[in-house]
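# Remarks on the overall topology
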Amino acid sequence: MKNRFKQIFLKDILKELLANKVNLVFMLLALIISLTALNTIYSLGASAKKQVLDVLANLQFGKDAMLVIAGGGKIIGVTTTRTDTMKMKDVENIERLEFVKLVSPWVRGILEVSYEGFSEKMRIEGVTPSYSLANNWYTKEGRFFSEQDLKNMAKVCVLGAEVPQKIKAKQVIGKKIKIGGEYFEVIGILEPKPSFGHFRHDERILIPLTTAMRRVFNKDYLDAMKILFKENTDIELAKETIRGILRQNHNLYGIQPDDFRLITPDMAIERFTATTRILTVFLLAISVISLVISGVIIMNLMYANIEERAPVIALRLALGATPSNIIQHYLTMALIVALISGFIGWWLSLGLMQLISFFSPLKPLFSWATFFISLGFSMLTTIIFSLIPAYKATQIEPSILLKSL
């Protein structure tokens, strides 16, 4: 008899769901909206982190690299110390370390750039020939600086990939552009590099380091240097060794703060993703709250459905159905709603991510882990909020049949 009741209950689930299509639609919508938001927000956060990692990898800022930036303080932000203490002596001392592969120093600034009818302030960087190898960044046209250019303080420049288009010059190799009032010959154009947010890697102009320091910026100190280590280098040990050299060269002793910042890839990733992570957590919290609200909506709709079908439930109980049969019936119904909502919410979130990718650099990411997590949230929510109505259904007295006649 019990097996017979189970068969009846299983067949009756879909019939009961479809009997009140309005309730079914609202239950599905409540979950679909929440799950779509949950999936989309999580995917945006994962996409942002992946893009940061891709940019760093593309610029050869992996586990065997380190940045040294002039001025003490936080990783990114206003410096709290002098910024004019990093010199070429520091570079030479660090280059002698046995675990160092190469050091690429640079200076930077914003200067007026003019070419024919174009005039705009742009990012100018003074670099050495090692810049290409240090950043895995080579020219797609022309050539890069040579040691001879560095020695002669040559007035030559290499343009970022987007600069020719920006200055509206189709054939710019060999032409001269004015940088800070001085004419420079264009000898190369860099290959394009991916950018993150508003930081455009391809909107910069490179000039020889010596030219930048003595002829353009008129300074004898560096703004930063990038260090590449040999394989299997202990980064923490290397970091402390370099810190010691810099402090000694800069006459810093005791509790005096560093007048430089040592940045490793892990620190850079943490800094770049911190804001995104905070925003993602905040939005995920809102999505979870929305999911709870969806559960409350489902619970109320289940209550309404049970009250409407009270005579049918009473008949089942009168014919021998147990409370566990009734609970099983409504929990199975809830799981069906959860599965349908989970799949629809997932596909909608993928579509939404595709739409977002048209208006932002973030790309949609497919992850089975995200799919099963969101599906699990959907199932957990419906089960938790369906238990109370399901239990109430078991408390219906068979005597209600007499009232319904």
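These lines cover the structure that appears in this document, whether it is placed above or below. (Residues numbered from 1 in each chain as written. Predicted model: local features only at pLDDT ≥ 70, side-chain atom pairs only at ≥ 80, totals over all residues. Heavy atoms only, no water.)

### Here's the deal with the packing of aromatic side chains
In plain terms, the rule: Each aromatic pair joins two rings of Phe, Tyr and Trp (for Trp, the six-membered one) with centres within 6.5 Å, and gets the label stacked for planes under 30 degrees apart, edge-to-face for over 60, and tilted for any other angle. The rule for a charge over a ring is simple: NZ of Lys or CZ of Arg within 6 Å of the ring centre, and within 35 degrees of the ring normal.
Under the definition given, this model contains 4 aromatic pairs. When the ring of Phe-144 is compared with that of Phe-145, the centres are 4.8 Å apart and the planes differ by 50 degrees; the resulting orientation is tilted. Ring-pair connections join several aromatic residues into one group, and the members of that group are Tyr-131, Trp-137, Phe-144 and Phe-145. We note Lys-219 situated over the ring of Phe-217; from NZ or CZ to the ring centre the distance is 5.4 Å.

### Here's the deal with the packing of helix α3 (residues 88-95) against helix α8 (residues 235-249)
As a reminder, the rule being used: What counts as an axis is a line fitted to C-alpha atoms, over the stretch in contact for a helix, and the angles between N-to-C directions run from 0 to 180 degrees. Numbering goes from the N terminus for both helices and strands, where a helix is a DSSP run of H or I of at least four residues and a strand is a run of E of at least two. For any helix crossing, the convention is left-handed if the near helix is rotated counterclockwise from the far helix by under a right angle, and right-handed if that rotation is clockwise. It only takes one pair of heavy atoms within 4.5 Å for two residues to be counted as in contact. In this count, Pro and Cys sit with the nonpolar residues alongside Ala, Val, Leu, Ile, Met, Phe, Trp and Tyr, while Asp, Glu, Lys and Arg are called charged and the others, Gly among them, polar.
At their nearest, the axes of α3 and α8 sit 10 Å apart, and the two run at 145 degrees to each other. Between α3 and α8 lies a crossing whose hand is right-handed. Residues Lys-89, Asp-90, Asn-93 and Ile-94 of α3 touch α8, and the partners they reach there are Ile-242, Ile-245, Leu-246 and Asn-249. Looking at side-chain class alone, the contact of α3 with α8 contains 4 nonpolar, 2 polar and 2 charged residues.

### A look at the pattern of salt bridges
As a reminder of what qualifies: In what follows, salt bridge is the name for a side-chain nitrogen of Lys or Arg lying within 4 Å of a carboxyl oxygen of Asp or Glu.
Under the criterion given, the structure shown has 11 salt bridges. One salt bridge connects Glu-120 with Lys-166, and the closest N-O pair in it is separated by 3.3 Å. Linking Glu-120 in strand β3 (residues 118-127) with Lys-166 in helix α6 (residues 163-166), this pair joins segments that are 46 residues apart in sequence. Across the salt bridge formed by Arg-123 and Glu-125, the nearest N and O atoms sit 2.7 Å from each other. One salt-bridge network, held together by shared partners, links Arg-123, Glu-125 and Arg-204.

### As for the packing of helix α10 (residues 310-318) against helix α11 (residues 323-359)
This is how it is decided: Any angle between 65 and 115 degrees counts as roughly perpendicular, while under 35 counts as roughly parallel, over 145 as roughly antiparallel, and the rest as oblique.
The interhelical angle for the contact between α10 and α11, taken along N-to-C directions, is 140 degrees, at an axis separation of 10 Å. Here α10 is positioned oblique relative to α11, judged by the angle of their axes. Touching Ile-313, Arg-316 and Leu-317 of α10 are Ile-326, His-329 and Tyr-330, all from α11. Split into classes, the residues belonging to the contact of α10 with α11 amount to 4 nonpolar, 1 polar and 1 charged.

### Remarks on a nonpolar patch on the surface
Rules: Think of a patch as exposed residues, more than 30% relative accessible area, with no salt bridge, where like charges cluster within 9 Å and nonpolar side chains (Val, Leu, Ile, Met, Phe, Trp, Tyr) cluster within 5 Å. Computed with a 1.4 Å probe, the accessible areas rest on the Shrake-Rupley method; for each residue, only the protein chains presented here act as cover.
On the surface, a cluster of nonpolar side chains totalling about 360 Å² of accessible area is made up of Val-288, Val-292, Val-296, Ile-373 and Phe-377. Put simply, the parts of the chain that give the nonpolar patch at least two residues each are α9 (265-308) and α12 (368-394). Top element by residues in the nonpolar patch is α9. It accounts for 3 residues. For Val-288, the position within the fold is in helix α9.

### Some words on the pairing of strand β9 (residues 224-229)
A regular strand places its side chains on the two faces of the sheet in alternate fashion. Operational definition: Each residue is placed in one exposure class: buried if its accessible area under a 1.4 Å probe, protein chains only, is under 20% of its type's maximum, exposed if it is over 50%, and partly exposed if it falls in between. Should DSSP find at least two bridges between two strands, the strands are taken to pair.
With 6 of 6 residues buried, β9 is to be regarded as a mostly interior element. Of the two faces of β9, the one lined by Ala-224, Lys-226 and Leu-228 and the one lined by Met-225, Ile-227 and Phe-229 are each fully buried. In terms of strand pairing, strand β1 (residues 65-70) meets β9 through 5 bridges, oriented antiparallel. Across the sheet, the residue bridging to Leu-67 is Lys-226, located in β9. Pairing geometry for strand β2 (residues 100-115) and β9, over 6 bridges, is antiparallel. Paired with Leu-102 across the two strands is Leu-228, which belongs to β9.

### Quick word on the environment of Ala-70
Within the secondary structure, Ala-70 sits in strand β1. Looking at Ala-70, the relative accessible area reads 7%, which means it is buried. Between the C-alpha atom of Ala-70 and that of Tyr-221, which follows or precedes it by 151 residues, the distance is 9.1 Å. Ignoring anything within four residues of it in the chain, the contact list for Ala-70 reads Thr-79, Thr-83, Met-86, Leu-222, Asp-223, Asp-259, Phe-260 and Arg-261.

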